[in-house]
Amino acid sequence: GQSLEQPSEVTAVEGAIVQINCTYQTSGFYGLSWYQQHDGGAPTFLSYNALDGLEETGRFSSFLSRSDSYGYLLLQELQMKDSASYFCAVIDDYKLSFGAGTTVTVRA
Amino acid sequence: SQTIHQWPATLVQPVGSPLSLECTVEGTSNPNLYWYRQAAGRGLQLLFYSVGIGQISSEVPQNLSASRPQDRQFILSSKKLLLSDSGFYLCAWSVPPDRGPLREQYFGPGTRLTVT
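The paragraphs below set out a description of the structure included in this document. All values reported here derive from a predicted model rather than from experimental measurement.

So, how was this worked out
- Residues numbered from 1 in each chain as written.
- Chains lettered and ligands numbered in written order.
- Predicted model: local features only at pLDDT ≥ 70, side-chain atom pairs only at ≥ 80, totals over all residues.
- Heavy atoms only, no water.
- Phe/Tyr/Trp six-rings, centres within 6.5 Å; stacked < 30°, edge-to-face > 60°.
- Helix = DSSP H or I, 4+ residues; strand = E, 2+ residues; numbered from the N terminus.
- Buried < 20%, exposed > 50% of the residue type's maximum accessible area, 1.4 Å probe, protein only.
- Lys NZ or Arg CZ within 6 Å of the ring centre and 35° of its normal.
- Disulfide = S-S within 2.5 Å.

Moving on: the packing of aromatic side chains. All chains considered together, the criterion is met by 16 aromatic pairs over all chains. Between Phe98(A) and Phe107(B), the ring centres sit 6.2 Å apart and the planes meet at 70 degrees, which makes this aromatic pair edge-to-face. Here Phe98(A) is found in strand β10 (residues 95-98), whereas its partner Phe107(B) is found in strand β10 (residues 106-107) on a different chain. With relative accessibility at 10%, the residue Phe107(B) sits in the buried group. By the ring-pair criterion, three or more aromatic residues cluster together here, those being Tyr35(A), Phe45(A), Phe87(A), Phe98(A), Tyr34(B), Tyr36(B), Tyr49(B) and Phe107(B). It is Arg112(B) that lies over the ring of Phe88(B); its NZ or CZ is 4.2 Å from the centre.

So, in structure tokens, the structure goes:
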């Protein structure tokens, strides 16, 4: 089976940088994805890592270390609209297993 | 472009009543389809997934069932709802393996179910 750990909550001010860590234990691994979910909405895809290293998409970056079973999502230049829950998800063949999510609160 | 629809958006049902939630995808063929449940403030729990018509895999034993009567239609059902079935139900699709590795899933707007 799969097990993912990520912090439950993070609070930061506008303009700051936030790093959300994700560690995983899995029987099968094809990659690590990140999703954003605003309150009451559906999750939306942010980023994907299949290989070690950093992937950058605008203000958001994601990192993966397969040997350490570890990844993180980096949110830069935080904006109020970034207040949401962020989920890491392990990809195992044709299905995803999600972490419990990290609630990011951005303060003015 | 591809779109995914779910209905109803909200539902209030008494304990012991039946349930039928529908999900349809447009603009793609032979998608992989998924049902998730999300309890308040929690992560997404995979309930069922399907790689083709009539092919259903169950991840969690429970009183729910799923069916895929058509290529782009996925239905979640229950004969008798329990209080613990309350939650936010999300349908999602992804490209099938013959069109590339699973990289991301596309979620529908969800159905918020309250069992009273």
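From this point, the discussion proceeds with the structure in view.
All names here are of chain A. Under the definition given, this model contains two disulfides over all chains. There is a disulfide in this structure between Cys22 and Cys88, and the S-S distance comes to 2.2 Å. The chirality of the disulfide connecting Cys22 with Cys88 is right-handed, given an S-S dihedral of about 75 degrees. Of this pair, Cys22 sits in strand β3 (residues 18-25) while Cys88 sits in strand β9 (residues 84-92), and the two are 66 residues apart along the sequence. Cys88 matches Cys22 in its accessibility class, with the two residues each being buried.

Cis geometry marks the peptide bond from Trp7(B) to Pro8(B), where omega comes out at 0 degrees. Tracing the backbone through its elements, the reader meets Pro8(B) in the loop between β1 (3-7) and β2 (10-13). The phi dihedral of Glu77(A) is positive, around 45 degrees, even though this residue is not glycine. The topology assignment puts Glu77(A) in the loop between β8 (70-75) and β9. Residue Glu77(A) is classed as exposed on the basis of its relative accessible area of 53%. Not every positive phi belongs to a glycine, and Asn30(B) is a case in point at roughly 50 degrees. Here Asn30(B) is to be found in the loop between β3 (19-26) and β4 (32-38).

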